[in-house]
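Descriptive structure summary
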2 protein chains.
Amino acid sequence: MIEHPRRPTLVDVAEHAKVSLATVDRVFNRRPGVSARTVERVERALAKLGYRPDPAAVRLARGIHFNFCFVLPTGSNSFMSELAKQVEQSIAWLQDQNVTGELIRVDVFDPQVLAEALRGLVGRCHGVAVVALDHPVVRDAVDELVRSGIHVVTLVSDIPGSKRHRFIGIDNSAAGRTAATLMGRFIGPRTGKIGLIAGSLILRDHAERLFGFQQVIGSEFLALAPLPPLQGHDSARQCRLLAEKLLRDHKDLVGIYSIGAGNRGIADALVELGRAHDVVFIGHELTEFSRRYLIQGIMDAVINQDPGHEARSASRVLLAQCSGQQMIVDQERIRIDIFLRDNLP
Amino acid sequence: MIEHPRRPTLVDVAEHAKVSLATVDRVFNRRPGVSARTVERVERALAKLGYRPDPAAVRLARGIHFNFCFVLPTGSNSFMSELAKQVEQSIAWLQDQNVTGELIRVDVFDPQVLAEALRGLVGRCHGVAVVALDHPVVRDAVDELVRSGIHVVTLVSDIPGSKRHRFIGIDNSAAGRTAATLMGRFIGPRTGKIGLIAGSLILRDHAERLFGFQQVIGSEFLALAPLPPLQGHDSARQCRLLAEKLLRDHKDLVGIYSIGAGNRGIADALVELGRAHDVVFIGHELTEFSRRYLIQGIMDAVINQDPGHEARSASRVLLAQCSGQQMIVDQERIRIDIFLRDNLP
DNA sequence: CTGAAAGCGCTTACAG
DNA sequence: CTGAAAGCGCTTACAG
């Protein structure tokens with residue numbers, strides 16, 4: 001095997017600059033107490049040799065250890081369960097980087113409870129990833145965490161006005177627009193009504209999807225008339241009742257956009273009333289159910305955010321933040337996935 | 001900050017088992033020369049304390065260093081340029097993991113040249129990622145690399161019959177099926193012909209996309225008639241001429257599927273002949289051009305594989321292979337992305 | 001302002 | 001078969 005040139009170490013730089021290891025370390029890490037002359041000499045050597053520190057050695061020597069908390073909603077729609085599972089896997093990976101991780105589940109629909117839980121984290125960890133609720137009380141709690149020196153990222157659902165360092169999730173109005181374009185083009189030249197079933201319009205992500213959807217339908221598919229949005233509270237049972245009513249009340253219903261969870265109820269209603277194949281049904285999040293509906297042709301498209309990617313991204317971003325490294329921006333951008341029957345993973 | 005329990009080190013295990021560090025190391029790493037009694041005692045301690053090695057310390061102590069080669073085609077369609085750029089970035093990341101990386105560009109369309117280049121790598125590196133050409137001569141070269149102990153992954157374009165350890169890329173027949181479903185549904189109830197322009201059907205990925213596309217059109221969109229596939233050699237100029245001829249010869253052309261590169265030529269032809277908005281145009285790879293065509297409504301959908309993801313994945317997979325670690329399977333699955341105007345990154 | 005030395009968690013010759 | 005010691009590349013008190 002051909003020998004490749006060894007990368008320069010601090011020792012190499014020290015020899016080159018004719019100073020001690022400690023001094024090179026001081027200069028490289030911008031610690032005080034070095035004469036201007038020495039600083040200059042060392043910096044020249046650093047540049048000349050193209051020194052780059054070995055991150056593993058740095059971590060080891062510094063004895064760095066962090067603790068991260070992942071705050072997820074209680075309750076168990078398929079998406080959140082999958083996210084929790086992926087967070088657990090990320091925590092295992094983090095252990096190898098010498099960071100402990102903890103998964104906490106909180107009733108995220110109750111702002112007070114969520115805020116209280118967040119406040120309880122002060123002094124208990126270095127980084128927090130939270131599936132947030134955009135409410136003043138929660139925003140305050142997030143800001144308090146940040147002020148106390150904790151690195152905070154919002155996960156899946158953002159609080160744009162807060163001091164959180166980063167949002168890890170998708171642009172939900174773009175996701176809504178994407179759903180609308182697919183809906184409009186799949187329906188084609190037909191005319192008719194579109195049913196809209198959200199979980200709760202108090203949730204920022206649902207509201208944004210709705211907004212994006214209506215924007216595109218309203219400007220580009222004028223033959224389609226969206227009905228007023230219904231709220232099924234991410235419950236399959238409630239969604240089923242709503243979908244049944246939609247189908248019965250509107251004989252000219254040509255599409256259903258499911259903005260939140262509860263796709264199962266909608267699929268059941270479509271099948272039961274024999275409308276599975278003439279109503280275009282688009283929803284969010286790839287789960288074992290939506291996957292099956294795509295294959296069966298009950299759903300026509302699924303807009304997805306990858307929970308594995310989101311969990312890993314949260315971990316990487318917090319780690320980069322806490323250890324002052326920079327992240328690979330491209331890698332941390334969460335895609336708005338479109339899945340058809342044909343490109344399922 | 002609350003103290004979190006320190007993870008156990010080898011020293012902890014040694015104390016617990018009342019043996020030396022070296023012995024614990026021998027047992028943990030299954031090195032020979034330890035009595036059965038001692039092995040058992042140490043293993044109990046290992047298990048009791050739940051010992052997991054610190055990968056950074058291991059790497060440092062072992063003085064591990066690898067060299068990887070990335071073999072990409074010469075020539076410069078936008079996708080390959082972007083892939084090259086992303087590979088360069090991966091190489092920078094690899095440096096921090098103490099691996100040197102080298103980007104080599106070879107005329108990948110010439111099997112002999114590519115095979116020769118690959119053979120030249122024996123003894124010069126520990127891992128190879130290659131944009132492959134499915135040809136017996138190349139397969140042989142890949143197999144020879146593998147036999148010589150080098151870890152090989154194919155990138156973007158696979159050689160299924162070879163001994164390569166892994167393929168990092170998309171399922172191209174699924175990508176073709178995805179294009180077909182979008183084409184069929186976007187065209188809707190209209191009837192007509194579909195133009196097919198590939199780069200070269202000698203390329204496995206192009207052939208597979210074509211196959212998948214025809215499969216779906218032939219079974220589900222019987223009102224659409226795909227024309228015989230044309231070969232534009234990934235050249236914008238040639239593709240433009242082919243597209244112009246298609247549009248002139250077939251007044252009932254309702255769609256164009258661009259299987260390879262050269263979208264620019266097709267877009268120009270569509271615009272020039274005033275057919276940009278009634279012909280459904282679907283192609284591959286998100287570039288500065290295809291992105292613009294989506295926004296302008298000239299292209300209707302772009303099927304994409306993320307070159308950044310592919311470059312990083314190749315690096316991670318090779319590193320895991322070479323250092324005997326296991327990879328995160330989910331993370332290394334390359335998605336078949338669908339981009340519309342609305343979900344562009 | 002500068003340097004010698006110990007230490008982070010693991011591995012590797014070398015002795016015994 | 002087992003252990004003491006040096007070393008990987010860096011950081012951190014501690015002396016001077």
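For clarity, every value in this text was computed on a predicted model and none was experimentally measured.

**Here we look at the domain arrangement of chain A**
Residue and element names in this part refer to chain A. Domain assignment breaks chain A into domain 1 (10–53), domain 2 (66–169 + 307–334) and domain 3 (172–304). Here domain 2 and domain 3 have C-alpha centroids that lie 29 Å from each other. Of the residues lining the interface, ten residues belong to domain 2; the matching set on domain 3 comes to nine residues. The junction of domain 2 with domain 3 conceals about 800 Å² of combined surface from both sides, 62% of it contributed by carbon and sulfur atoms. A salt bridge links Asp 134 to Arg 204; the shortest N-O distance between them is 2.4 Å. The interface formed by domain 2 and domain 3 contains one residue pair in polar contact (both at pLDDT 80 or more). For the side of domain 2 that touches domain 3, a count of residues per class yields five nonpolar, three polar and two charged.

**Some points on the pairing of strand S6 (residues 192–198) of chain A**
Residue and element names in this part refer to chain A. By the criterion of burial, S6 is predominantly enclosed, with six of the seven residues buried. Sheet topology places S6 next to strand S7 (residues 224–226); three bridges connect them, and they run parallel. Bridge pairing in S7 places Lys 193 opposite Ala 225. Where the polypeptide runs from S6 across helix H9 (residues 204–220) and back to S7, its parallel neighbour, the crossover connection is right-handed. With five bridges joining them, S6 and strand S9 (residues 253–258) adopt parallel strand pairing. Counted as the bridge partner of Ile 197 is Ser 258 from S9. By the bridge criterion, two bridges tie S6 to strand S8 (residues 230–231) in an arrangement that is parallel.

**Thoughts on the pattern of salt bridges**
By the definition in use, this model includes 50 salt bridges over all chains. Note that Arg 275 of chain A and Asp 278 of chain A form a salt bridge whose closest N and O atoms lie 3.2 Å from each other. With a relative accessible area of 32%, Asp 278 of chain A lands in the partly exposed category. Two residues, Arg 240 of chain B and Asp 268 of chain B, come together in a salt bridge whose shortest N-O distance is 3.6 Å. Placement of Arg 240 of chain B in helix H10 (residues 236–249) and of Asp 268 of chain B in helix H11 (residues 263–272) is noted, with a sequence separation of 28 residues between them. With relative accessibility at 28%, the residue Arg 240 of chain B sits in the partly exposed group. Linked through salt bridges whose partners overlap, the residues forming this network are Arg 240, Glu 244, Arg 248, Asp 268 and Glu 272 of chain A.

**So, the protein's contact with DNA strand D**
By nearness alone, 26 residues border DNA strand D, and Leu 10, Asp 25 and Tyr 51 of chain A together with Arg 26 and Thr 38 of chain B come closest of all. Within 4 Å of the protein, the contacting atoms of DNA strand D are drawn from sugar and phosphate to the extent of 67%. Asp 54 of chain A places a main-chain nitrogen or oxygen 3.1 Å from a phosphate oxygen of DNA strand D. Elements supplying a minimum of two residues to the surface near DNA strand D: helix H2 (21–28) and helix H4 (55–62) of chain A together with helix H2 (21–28) and helix H4 (55–62) of chain B.

**Observations concerning the relation of the copies chain A and chain B**
The two copies are related by a screw operation: chain A maps onto chain B through 180° of rotation and 0.1 Å of translation along the axis, at an RMSD of 0.1 Å. A rotation of that kind, with that shift, is consistent with a two-fold axis. Considering only C-alpha atoms, the part of chain A nearest the rotation axis is Ala 56 of chain A, at 2.5 Å. Taken as a fraction of all interface residues of chain A, those also at the interface in chain B reach 100%, which identifies the copy contact as same-surface.

**Notes on the side chain of Ser 258 of chain A**
All names here are of chain A. Here Ser 258 lies in strand S9. Within polar-contact distance, the side chain of Ser 258 engages the side chain of Asn 263 at 2.6 Å. Ignoring any residue separated from it by four or fewer positions in sequence, one finds Ser 258 in contact with Ile 197, Asn 263, Ile 266, Phe 281, Ile 282, Gly 283 and His 284.

**A look at the nonpolar core**
Formed by 108 residues in total, the largest nonpolar core has its most connected members in Leu 182 of chain A together with Leu 182 of chain B. Ignoring sequence-local partners within four residues, the contact set of Leu 182 of chain B consists of Leu 182, Phe 186 and Leu 340 of chain A together with Ile 282, Ala 301, Ile 303 and Ile 338 of chain B.

**Quick word on the interface of chain A and chain B**
The parts lose accessible area when they come together, and the size of an interface is often stated as this lost area. Opposite the 54 residues of chain A that make contact, chain B presents 54 residues. Surface buried jointly by chain A and chain B totals about 4800 Å² across both partners, of which 50% is contributed by carbon and sulfur atoms. Counting every contact that joins chain A to chain B gives twelve salt bridges. Across the pair Arg 335 of chain A and Asp 306 of chain B runs a salt bridge, and its minimum N-O distance is 3.0 Å. Counting the contacts that link chain A with chain B gives 22 residue pairs in polar contact (both at pLDDT 80 or more). Sorting the residues of the side of chain A that touches chain B by element identifies H4, helix H5 (78–96), helix H8 (172–187), H9, helix H13 (307–323) and strand S12 (337–339) of chain A as the ones contributing at least two each. It is H8 of chain A that provides the largest number of residues to the side of chain A that touches chain B, a total of seven residues.

**Looking at the sheet that holds strand S2 (residues 99–106) of chain B**
Residues and elements named next belong to chain B. Spatially, five strands are ordered S2-S1-S3-S4-S5 in an open sheet, and the strand pairing comes out parallel. Pairing within the sheet leaves two strands with one partner each, and these edge strands are S2 and strand S5 (166–168). Each strand of the sheet is rotated relative to its neighbour by a mean of 20°, with strand direction disregarded. In this sheet, strand S3 (residues 127–130) lies alongside strand S1 (residues 66–73) in parallel orientation, the contact comprising four bridges. In the sheet register, Phe 68 faces S3, and the bridge partner there is Gly 127. Each of S1, S2 and strand S4 (151–155) touches helix H5 (residues 78–96); the most contacted strand, S2, lies at about 160° to it.

**Quick notes on the sheet that holds strand S2 (residues 99–106) of chain A**
Residue and element names in this part refer to chain A. Strands sit in the order S2-S1-S3-S4-S5 across an open sheet of five strands; the sheet is parallel. With partners counted over all chains shown, the strands left at the sheet margins are S2 and strand S5 (166–168), one partner each. On average, each strand axis in the sheet is inclined to that of its neighbour by 20°, with strand direction left out of account. Along the sheet face, H5 touches strand S1 (66–73), S2 and strand S4 (151–155) and points at about 160° away from the line of S2. Set on the sheet, H13 makes contact with S1, S2, strand S3 (127–130), S4 and S5; between it and S1 the angle comes to about 145°.

**Section: the packing of H10 of chain B against H11 of chain B**
Residue and element names in this part refer to chain B. As a packed pair, H10 and H11 sit with axes 7 Å apart at the nearest point and diverge in direction by 40°. As H10 packs across H11, the resulting crossing turns out to be right-handed. Contacts between H10 and H11 involve Ala 236, Cys 239, Arg 240, Ala 243, Glu 244 and Leu 247 on the former and, on the latter, Arg 264, Gly 265, Ile 266, Asp 268, Ala 269, Leu 270 and Glu 272. Looking at side-chain class alone, the contact of H10 with H11 contains seven nonpolar, one polar and five charged residues.

Cut-off values and rules
- Residues numbered from 1 in each chain as written.
- Chains lettered and ligands numbered in written order.
- Predicted model: local features only at pLDDT ≥ 70, side-chain atom pairs only at ≥ 80, totals over all residues.
- Heavy atoms only, no water.
- Domains from an automatic or database assignment.
- Contact = heavy atoms within 4.5 Å.
- Buried area = accessible area lost by both parts, 1.4 Å probe.
- Salt bridge = Lys/Arg side-chain N within 4 Å of Asp/Glu carboxyl O.
- Polar contact = N/O pair within 3.5 Å; in protein donor to acceptor, adjacent residues only side chain to side chain.
- Nonpolar A, V, L, I, M, F, W, Y, C, P; charged D, E, K, R; others polar.
- Buried < 20%, exposed > 50% of the residue type's maximum accessible area, 1.4 Å probe, protein only.
- Helix = DSSP H or I, 4+ residues; strand = E, 2+ residues; numbered from the N terminus.
- Pairing = 2+ DSSP bridges.
- Right-handed = clockwise from strand over helix to strand, strands pointing away.
- Near = heavy atom within 4 Å.
- Least-squares fit on C-alpha atoms with pLDDT ≥ 70 in both.
- Core = buried A, V, L, I, M, F, W, Y, C linked by side-chain atoms within 4.5 Å.
- Axes fitted to C-alpha atoms, helices over the stretch in contact; angles between N-to-C directions.
- Left-handed = near helix turned anticlockwise from the far one by under 90°.

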